[in-house]
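Results of the structural survey
Here is what each chain is made of, one letter per residue.
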Amino acid sequence: MTQTGGSGSSATTPYAGLSPDGVLDALDAVGLRGDGRLIQLNSYENRVFQVFLEDGRVVVTKFYRPGRWSDAQILEEHTFADELAAREIPVGAAWPLSIDTGARLGADVSLKGSTLAELATPLGTYRFSVSQRLAGRAPELEDPATLEWLGRFIGRMHAVGALATFKHRQTLDVATFGTANRDWLLAQDLIPPDALIPWQQVSAAALTAVAEAFDQLGTLKHIRLHGDCHLGNVLWAGDGPHFVDLDDAATGPAMQDLWMLLSGDRGSMTRQLSAVLDGYESFMDFDRRELRLIEPLRTLRILHHSAWIARRWDDPAFPIAFPWFTSPSYWAEQTTRLREQLAAMAEPPLGGP
């Protein structure tokens, strides 16, 4: 993961200074008084809590991993979410915050922007935001109507994403998500020696194939994206899908927000893609050349994920969550996956001949 400034904290224990009481004190300082109940939600990257307020509301507050994003990058994400929400696209937009001078607990909280605040503790500083709680279940992707609805939702997001550009968020390209991650992994002492050379060889071949795929397409339209549209970030409610967690919002090709909805064999993915694009193209034109990017983008995500774990390895939570990461079997599996991606990238694109 790219790390670009922001507030400091211990690199090895990034959340050591963030306690449940500190979370409640921080919210109290911005006028959101909790009733003492909070639930930590699943998130390896940030610390995210569902907090019950005295007035009966339930909010979600996110405390950002120190050092990952700059203030400008976080605020740009918030602006994008606010644009989407203004067009009635259901996302968890960050709320405007203000310091409550009458707060009871006196936490050391300051504003970093209209929707971003910072809590200072003896062990570090923690930037945070607050948003509405969104609830829902996992979508039923076996249903073509569900896939079409998801396509419409993403098409609406992309229609807004195409109206302006990011100035501070990262760009999803081969250099940033592929080459930089591969080179960083090779510079670490994490890959077991017996697995290193096979992985190094196949990752080089895979990146060459990814670069060739992008080069063959020439100039592509890049827009503002959600960036991480996996199913864990989709909540299905009575009014349809809600996408949450714009933490990885980026500039890139539209296909990045579509390919993770596809799974199974080639026939299954072809049918799924047809349903998704039927919905998508109701709101946004789609450049069919980008169909050739499905497997290259999947390849970049495989490399990116390994580098993400490696960059967080000093965080005590990561060896616990991914104990197999430094084992020869993990890297042998990654080598096999990249070989499979080489074969997949050599096939005609979905929807092609």
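Below or above, wherever it landed, is the structure these notes cover. (Residues numbered from 1 in each chain as written. Predicted model: local features only at pLDDT ≥ 70, side-chain atom pairs only at ≥ 80, totals over all residues. Heavy atoms only, no water.)

Focus on the overall build of the chain
Scanning the chain from N- to C-terminus turns up nine helices and 10 strands. A compact globule built from 353 residues should have a C-alpha radius of gyration of about 20 Å, and the chain, at 21 Å, falls within 12% of that. By principal-axis analysis of the C-alpha atoms, the chain measures approximately 65 × 50 × 35 Å. With 353 residues in all, the chain has 52% of them scored as buried. For the chain, the share of sequence-separated contacts (at least 6 apart) that also reach a separation of at least 24 residues comes to 74%. Summed over all atoms, the accessible surface of the chain reaches about 15400 Å², with 52% contributed by carbon and sulfur. Here the chain holds 31 positive side-chain charges and 44 negative ones, and the gap between their average locations is 2 Å. (Helix = DSSP H or I, 4+ residues; strand = E, 2+ residues; numbered from the N terminus. Rg over C-alpha atoms; globule rule 2.2 N^0.38 Å. Buried < 20%, exposed > 50% of the residue type's maximum accessible area, 1.4 Å probe, protein only. Contact = heavy atoms within 4.5 Å. Areas by Shrake-Rupley, 256 points an atom, 1.4 Å probe, with all protein chains shown as cover. Lys, Arg positive; Asp, Glu negative; His and termini not counted. Charge placed at Lys NZ, Arg CZ, Asp CG, Glu CD.)

A short note on unusual backbone geometry
Backbone geometry at Glu88 places phi at a positive 60 degrees, although glycine is not the residue there. Within the element layout of this structure, Glu88 appears in the loop between helix 2 (71-86) and strand 4 (109-113). A positive phi angle, close to 65 degrees, is found at Asp245, a residue other than glycine. On the secondary structure map, Asp245 appears in the loop between strand 9 (240-243) and strand 10 (250-252). Here Asp245 falls in the partly exposed class, since its relative accessible area comes to 33%.

Some points on the side chain of Gln272
Here Gln272 is to be found in helix 6 (residues 266-280). Owing to a relative accessible area of 14%, Gln272 belongs among the buried residues under this scheme. Here Gln272 is in contact with Leu147, Leu261, Leu262 and Ser263, once residues within four sequence places are set aside.

Digging into helix 3 (residues 144-161)
Compared with an ideal rise of 1.5 Å per residue, which puts 18 residues at 26 Å, helix 3 spans 25 Å between its outermost C-alpha atoms and is within 8% of the ideal. The complete set of buried residues in helix 3 reads Thr146, Leu147, Leu150, Gly151, Phe153, Ile154, Gly155, Met157, His158, Val160 and Gly161. Buried residues belonging to helix 3 abut helix 2, strand 7 (223-225), strand 8 (234-237), strand 9 and helix 6. The backbone nitrogen of Ala145 has a side-chain oxygen 3.0 Å away, supplied by the residue at the start of helix 3, namely Asp143. (Expected span 1.5 Å × (residues − 1). Polar contact = N/O pair within 3.5 Å; in protein donor to acceptor, adjacent residues only side chain to side chain.)

Here we look at the pairing of strand 6 (residues 124-132)
Of all nine residues in strand 6, seven are buried; the element is thus mostly enclosed. Pairing analysis gives five bridges linking strand 3 (residues 58-63) to strand 6, with the strands arranged antiparallel. Paired with Lys62 across the strands is Ser129, a residue of strand 6. Note: strand 5 (residues 116-121) against strand 6, five bridges, orientation antiparallel. Looking at the pairing, Leu119 lines up with Tyr126 of strand 6. Taken together, strand 5 and the strand that follows it, strand 6, pair antiparallel across an intervening segment of two residues. (Pairing = 2+ DSSP bridges.)

Here we look at the sheet that holds strand 4
Across the sheet, which stays open at both edges, the six strands sit in the order 1-2-3-6-5-4 with antiparallel pairing between neighbours. Both edges of this open sheet fall to strand 1 (34-41) and strand 4, since each of them pairs with a single strand only. Each strand of the sheet is rotated relative to its neighbour by a mean of 30 degrees, with strand direction disregarded. Bridging between strand 1 and strand 2 (residues 47-53) involves five bridges; their strand directions are antiparallel. In the strand pairing of strand 2, Gly34 is matched with Leu53. Against the sheet, helix 2 makes contact with strand 3, strand 4, strand 5 and strand 6, and its axis sits at roughly 140 degrees relative to strand 5, the strand it touches most. (Axes fitted to C-alpha atoms, helices over the stretch in contact; angles between N-to-C directions.)

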